[in-house]
Amino acid sequence: ITWYGYVKDSVGNVNKCNSGKFKVDISKPECTVTRTGITGNNGWYKESAVTLTLNPTDNLSGIQQTGLSTSSNPSLGNKTSDTQRDIASVTWYGKVKDNAGNVSKVCNSGEFKVDTTKPTCSVSFSGTSGNNGWYKSNATVSLTKNDNLSNVEAFGLSTSTSATYNSSSSSTQTNTAGQRWNGYVRDYAGNINSCNNSVKVDTSKPYCTVTLSGTSGSNGWYKSGNVTVTLNASDNGDSGVAKTGLGKTSSPSLGSTTSASQGNTTGVTYYGKVEDAAGNVSDVCNSGSFKVDKSNPSCSISVSTSGI
């Protein structure tokens, strides 16, 4: 704007003057600080960083400088945005200056909290370890969970593949050829995570029998040929038979023997033993004593001619 002045003297001479063009802005600019993020639970933002944006307004001279920070008196420069990650409590402050030099009141985002990190969990087992990754006793299933910021709000341990928050952190697993256990955890911000582990349990001993196959004779004897001795092994505890032993000693060595052939004997007993894949060993089984005579008896006839 320009202001003009006019003057006339008593003689009637006239003159004019002016202020020159000048500008006036006596109004302070204004600002707001807004935040953008994924809203979680319990007043938290979750999953990703929150974006802070300084929004300045001035109706006349225009914005010259901006300031945005976590300080309650932010320095003026040209900053209008930033991001905030994990924090339990924070407020961002903004300030602006217009081209006339008017400085706004400090504006702020309001207090907020951010947890972008998933909680952690793991599923573990304990019990009597066997062979080949099996447990020989019932296995205790344990869920371990943790969250470093908003803390764990809900958790669960289940064989279900659907998220289950049953507040259980332990259970027991009996005989199984393979069971997957799933852990679920959610923090107060609403971040979720899951974990899993599988276990094999065989608490049952295998068992065995020893059977005989041959031609039965009289008086408890086998006759006519060798007797076939067979070890019959079975396991009902899921892991299956891994080793067998058959022999004439009362504690046969474990290996892969499942049969033998017995010739003539006045009395013998065969013993069997089996081990399953989990390492459980059966009680010793046996054939009972048996006898074999596969040889025909012999005879001869003699004739005497004396006295004829």
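In short, a report on the structure.

1. Considering the environment of Tyr184
Here's step 1: Take Tyr184: it is sitting in strand S16 (residues 176-187).
Here's step 2: Taking relative accessible area as the criterion, Tyr184 reaches 7% and is therefore assigned buried.
Here's step 3: Spatially, the C-alpha atoms of Tyr184 and Ser158 are 8.3 Å apart, while their sequence positions differ by 26 residues.
Here's step 4: Every residue in contact with Tyr184, bar those within four places of it in the chain, is listed here: Leu143, Ala154, Phe155, Gly156, Ser160, Thr161, Ser162, Ala163, Thr164, Tyr165, Asn193 and Ser194.
Here's step 5: One polar contact links the side chain of Tyr184 to the main-chain carbonyl oxygen of Ser162, over a distance of 3.4 Å.

2. Describing the sheet that holds strand S24 (residues 285-286)
Here's step 1: Pairing in this open sheet of three strands is antiparallel, and the strands run S20-S23-S24 from one edge to the other. Of all strands in the sheet, those with a lone pairing partner are strand S20 (241-247) and S24, marking the two edges.
Here's step 2: Judged from the two bridges that link them, strand S23 (residues 271-276) and S24 form a sheet pairing that is antiparallel. The partner of Tyr271 across the bridge, within S24, is Asn286.

3. Focus: the environment of Ser204
Here's step 1: On the secondary structure map, Ser204 appears in the loop between strand S17 (192-201) and strand S18 (207-216).
Here's step 2: Judged by relative accessible area, Ser204 falls into the partly exposed class, the value being 26%.
Here's step 3: It is 24 Å that separates the C-alpha atoms of Ser204 and Gly247, two residues lying 43 residues apart in sequence.
Here's step 4: Residues in contact with Ser204, not counting those within four places in the same chain, are Asn175, Asp235, Gly237, Asp276 and Asn280.
Here's step 5: For Ser204, the side chain forms a polar contact with the side chain of Asn175, separated by 3.1 Å.

4. Considerations on the nonpolar core
Here's step 1: Ranked by internal contacts, the top residues of the largest apolar core, which has 14 residues, are Val123, Phe125, Leu143, Trp181 and Val199.
Here's step 2: The set of elements that each furnish at least two residues to this core consists of strand S11 (120-126), strand S13 (139-146), strand S14 (152-158), S16 and S17.
Here's step 3: With sequence-adjacent residues up to four places away left out, Leu143 is seen in contact with Cys121, Ser122, Val123, Phe155, Gly156, Leu157, Ser168, Ser169, Gly183, Tyr184 and Cys195.

5. Digging into unusual backbone geometry
Here's step 1: Phi at Asn132 takes a positive value of approximately 55°, unusual for a residue other than glycine.
Here's step 2: We classify Asn132 as exposed; its relative accessible area is 56%.
Here's step 3: Non-glycine residue Asn151 carries a positive phi angle of around 80°.
Here's step 4: Position of Asn151 relative to the elements: it lies in the loop between S13 and S14.
Here's step 5: Taking relative accessible area as the criterion, Asn151 reaches 42% and is therefore assigned partly exposed.

6. Side note on the state of the cysteines
Here's step 1: As enumerated under the stated definition, the model contains three disulfides in all.
Here's step 2: A disulfide bridge connects Cys31 with Cys107, and the sulfur atoms are separated by 2.1 Å. Looking along the S-S bond of the Cys31-Cys107 disulfide, the torsion reads about -120°, which is the left-handed sense. Separated by 76 residues along the polypeptide, Cys31 in strand S3 (residues 30-39) and Cys107 in strand S9 (residues 107-108) bring together distant segments of the chain.
Here's step 3: The buried category is assigned to Cys107, whose relative accessible area is 9%.
Here's step 4: Through a disulfide, Cys121 is tied to Cys195; the S-S separation comes to 2.2 Å. On the sign convention where negative is left-handed, the bridge of Cys121 and Cys195, at about -130° about the S-S bond, is left-handed.

7. Observations regarding the pairing of strand S25 (residues 290-293)
Here's step 1: Judged by which residues are buried, S25 turns out to be one-sided: Phe290 and Val292 face inward and are buried, whereas Lys291 and Asp293, on the alternate face, are not.
Here's step 2: Bridging between strand S19 (residues 221-234) and S25 involves three bridges; their strand directions are parallel. Along S25, the bridge assignment pairs Trp221 with Lys291.
Here's step 3: For strand S22 (residues 265-268) and S25, the ladder comprises two bridges, and the chain directions are antiparallel. What sits directly across from Thr265, in S25, is Val292.

What counts and how
- Residue positions are given per chain, counting from 1 as you read along its sequence in written order.
- Thresholds applied to this predicted model are a pLDDT of at least 70 for local features of residues and 80 or more for the giving and counting of side-chain atom pairs; totals over whole chains, interfaces and linings are not thresholded and use all residues.
- The side-chain numbers reported here are obtained from all heavy atoms of the structure, hydrogens and water having been left aside.
- Numbering goes from the N terminus for both helices and strands, where a helix is a DSSP run of H or I of at least four residues and a strand is a run of E of at least two.
- To sort residues, take the accessible area from a 1.4 Å probe on protein chains only and compare it with the maximum for the residue type: under 20% means buried, over 50% means exposed, and anything in between is partly exposed.
- Throughout, a residue-residue contact means that at least one pair of heavy atoms, one from each residue, lies within 4.5 Å.
- What qualifies as a polar contact is a pair of N or O atoms within 3.5 Å, subject to a donor-acceptor requirement within protein and to the restriction that residues adjacent in sequence count only when both atoms come from side chains.
- Note on pairing: two strands pair once DSSP finds at least 2 bridges between them.
- We define the nonpolar core as a collection of buried residues of types Ala, Val, Leu, Ile, Met, Phe, Trp, Tyr and Cys that are connected through side-chain atoms lying within 4.5 Å of one another.
- Disulfides are defined as cysteine sulfur pairs within 2.5 Å.

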